[in-house]
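Chains, contacts and geometry: an overview
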Amino acid sequence: MNMKQYFLLISFISLFINILYAQSNSKQLRIIVIGAHPDDCDVKAGGTAALFAAMGHAVKFVSVTNGDAGHQLQGGGALAKRRTAEAQEAGKRLGVVYDVLDNHDGELLPSLEVRLQIIRKIREWNADVVITHRPNDYHPDHRYTGILVQDAAYMVAVPNIAPDVPPLKKNPVFLYMQDDFQRPNPFRPDIAIDISEVYNQKIHALDAHQSQMYEWNPWIGGYTDEVPQKTDNREKWLAQKWAVKITPEVKAALDKWYSKEKAAKAEYAEAFEICEYGTQPVAEEIRRLFPIIEKKAQILSEPTAGGSILKVKHTTNFDVTGDGSAANWNNTEWLMLRQRNNTNVAYQTQLKLLYSDSGIYCLYRCEDRKIKATLKEDFLDLYNEDVVEAFFWTDETAPVYFEYELSPLNYELPILVPNIKGNFLGWRPWHYEGSRRTKHATHIDKNGEAVTSWTAEFFIPYALLTPMANVPPQKGTQWRANFYRIDYDKGEATWQWQIVQRESFHDYQSFGTIVFE
Ligand SMILES: [Zn+2]
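Residues numbered from 1 in each chain as written. Predicted model: local features only at pLDDT ≥ 70, side-chain atom pairs only at ≥ 80, totals over all residues. Heavy atoms only, no water.

1. Some words on the overall build of the protein chain
Assigned secondary structure in the protein chain consists of eleven helices and 20 strands. Rg of the C-alpha trace for the protein chain: 24 Å, near the compact-globule value of 24 Å for 517 residues, within the 12% margin. Within the protein chain, the proportion of its 517 residues that are buried is 56%. Counting contacts in the protein chain only where the partners sit at least 6 residues apart, residues at least 24 apart contribute 72% of the total. Put simply, the protein chain shows about 23300 Å² of open surface, and 53% of that area lies on carbon and sulfur atoms. In the protein chain, the 56 positive side-chain charges and the 66 negative ones have mean positions that sit 3 Å from each other. (Helix = DSSP H or I, 4+ residues; strand = E, 2+ residues; numbered from the N terminus. Rg over C-alpha atoms; globule rule 2.2 N^0.38 Å. Buried < 20%, exposed > 50% of the residue type's maximum accessible area, 1.4 Å probe, protein only. Contact = heavy atoms within 4.5 Å. Areas by Shrake-Rupley, 256 points an atom, 1.4 Å probe, with all protein chains shown as cover. Lys, Arg positive; Asp, Glu negative; His and termini not counted. Charge placed at Lys NZ, Arg CZ, Asp CG, Glu CD.)

2. Comments concerning the pattern of salt bridges
All chains considered together, the criterion is met by 22 salt bridges. Of the charged contacts, one joins arginine 93 and glutamate 89 as a salt bridge, the two residues approaching to 2.8 Å between their closest N and O atoms. With arginine 93 and glutamate 89 both in helix H3 (residues 76–94) and four residues apart, this pair spans about one turn of that helix. For arginine 93, a relative accessible area of 12% puts it in the buried group. Each of Lys60, Asp99 and Lys121 takes part in a single network of salt bridges with overlapping partners. (Salt bridge = Lys/Arg side-chain N within 4 Å of Asp/Glu carboxyl O.)

3. What to know about the domain arrangement of the protein chain
Here the protein chain is described as being made up of domain 1 (23–289) and domain 2 (309–516). Here the C-alpha centre of domain 2 lies 34 Å away from the C-alpha centre of domain 1. Domain 1 puts 14 residues into the contact, and the matching count from domain 2 is 15 residues. Overall, the association of domain 1 and domain 2 removes approximately 1200 Å² of surface from exposure, summing both partners, and the carbon and sulfur fraction of that is 46%. Among the residues domain 1 hides against domain 2, the three largest losses belong to Ala54, Glu197 and Asn200. Together they make up 44% of the total. Where domain 1 touches domain 2, the interface holds zero salt bridges. At the surface where domain 1 touches domain 2, the tally comes to one residue pair in polar contact (both at pLDDT 80 or more). (Domains from an automatic or database assignment. Buried area = accessible area lost by both parts, 1.4 Å probe. Polar contact = N/O pair within 3.5 Å; in protein donor to acceptor, adjacent residues only side chain to side chain.)

4. Description of empty space enclosed by the protein
This model, assessed by the stated rule, comprises three cavities of 30 Å³ or more. Of the volumes computed, that of the largest cavity is approximately 110 Å³. Elements represented by at least two residues in the lining of the largest cavity include exactly helix H6 (199–208) and strand E9 (335–339). For the lining of the largest cavity, the element with the most residues is E9, which contributes four residues. Here the lining of the largest cavity is composed, by residue class, of five nonpolar, five polar and three charged. For the lining of the largest cavity, the two domains that each supply at least three residues are domain 1 (23–289) and domain 2 (309–516). The computed volume of the second largest cavity comes to approximately 50 Å³. Only H6 and strand E7 (269–274) provide two or more residues apiece to the lining of the second largest cavity. For the lining of the second largest cavity, the per-class residue count stands at six nonpolar, no polar and two charged. (1 Å grid on protein atoms, 1.4 Å probe; cavity = no way out; pocket = protein on both sides within 12 Å on 5 of 7 lines; lining within 4 Å. Points joined across faces, edges and corners; volume = space filled by probe spheres on them. Nonpolar A, V, L, I, M, F, W, Y, C, P; charged D, E, K, R; others polar.)

5. What about the layout of surface pockets?
It is the rolling of a water-molecule-sized probe over the atoms that shows where space remains empty. The computed volume of the largest pocket comes to approximately 1100 Å³. Every residue lining the largest pocket is counted, 42 residues in all, and those nearest its centre are Val43, Lys44, Tyr138, His142 and Trp242. Residue assignment for the lining of the largest pocket shows that the elements contributing at least two residues are helix H2 (40–54), H6, helix H7 (210–221), helix H9 (248–257) and E7. Among the elements that make up the lining of the largest pocket, the one with the highest residue count is H7 (five residues).

6. Some remarks on the nonpolar core
Within the largest apolar cluster, 60 residues are counted, with the highest numbers of intra-cluster contacts made by Phe61, Leu175, Ile193 and Phe290. Among the elements that line this core, the one with the most residues is H2, at eight residues. Ignoring anything within four residues of it in the chain, the contact list for leucine 175 reads Val129, Val130, Ile131, Thr132, Ile191, Phe272, Glu273, Ile274, Cys275 and Phe290. Membership of the second largest hydrophobic core comes to 52 residues, among which are Phe458, Tyr462, Phe483 and Phe511. (Core = buried A, V, L, I, M, F, W, Y, C linked by side-chain atoms within 4.5 Å.)

Here it is, written out as structure tokens:
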């Protein structure tokens, strides 16, 4: 193949990729989960929500009551306020929006007033899928939430009901969350979702409901003495306490929706039953509504709660200190990277980005207990030890991107990666000196002797990215990018911003989009 043919091929591939993106954009799905209390959605559908959010779909959790009865020592407005804040935090941890309605806990009735509230919520979210409790449940608030949502099904499409909010054009698919009540009929798992890869993230969201997970549930359940004293050990305990056994029926559903190998490997699952009052989806429609099963058609350029667009703010240049103490960082928000495997650890990994006229700044904050880092030289295989990584693909017409790795000991690996149809190898920068050099620093945070986290801060000058196109970025320029972390405390655990397929950080076609403001 000569050069001309080669470039023609590359342009064709890039055109094809763009068409794929354009198609997937129109398919952003909108999911609403409606639970009785602030934590019910998380417990029953937190993993499923995290998977949707990670793909760029929009998920909302609604708690129909404000939770003001769910505590042995507190109550009323103060408790409602506390639980609303916990729900907001849990929502952040899953990448979903969380609404708490101001109805009293323990006193919910299937009234017309609440039905209209729910109809409006479903319409305002323009939901494709609505998930709720079954009306057979131990808690009256759960039962009536199930009834209220059933009562809203169909009515969401009727224009004369709640006419202040436009009706939906189509009745959504309504689903029930899993429970183990048997009468009058047991739960039937029509759909089962393997949530193993996000189980830790789900537990991290449950951990946000401190008043419930560590105070109220243990008290009413008579297991207060089991709650670990040390906050360090609590998520691990929660992960065991809230582990739901995969029943034979749910296993059969996993076998139906996943490949045999994948179904056999599933450790944790969430299952759903199709309600008869919504749209009745056939198998093909279920696969379209649950792209989290096959992880196809990733949304790349639609801003959502989960976020696959990241806006990068402009800054003046500043000194890289390693601990993110420069005041410039205060003007931008943390982005949560999602843990994608290994349930032995549950650490948060957060990221900030800024750009200046001369380069791009990255700041990672990695919760950690052990620093596994022995390599003491640049350009080594840093990814075999604790590390953070950033990938910048500045120009979608060329299969070439920049990769940067930094270890907790502040050793770096900057490389340019040509990736020709999956064949790739990093190339070290030539004339790596002067204005082409990165600036980088790290900091290990301790509480006494114990490591609590480490931070990595680095600056990549545009001069180093020569000759990639779209560099330096202007206001409005878009680059594709992805961000990762690897930790080796208990086996290999990895975190990512956008989900990459084929288990490779080099799946650049799945990268997200950063936009320079
Ligand atoms: Zn509840």
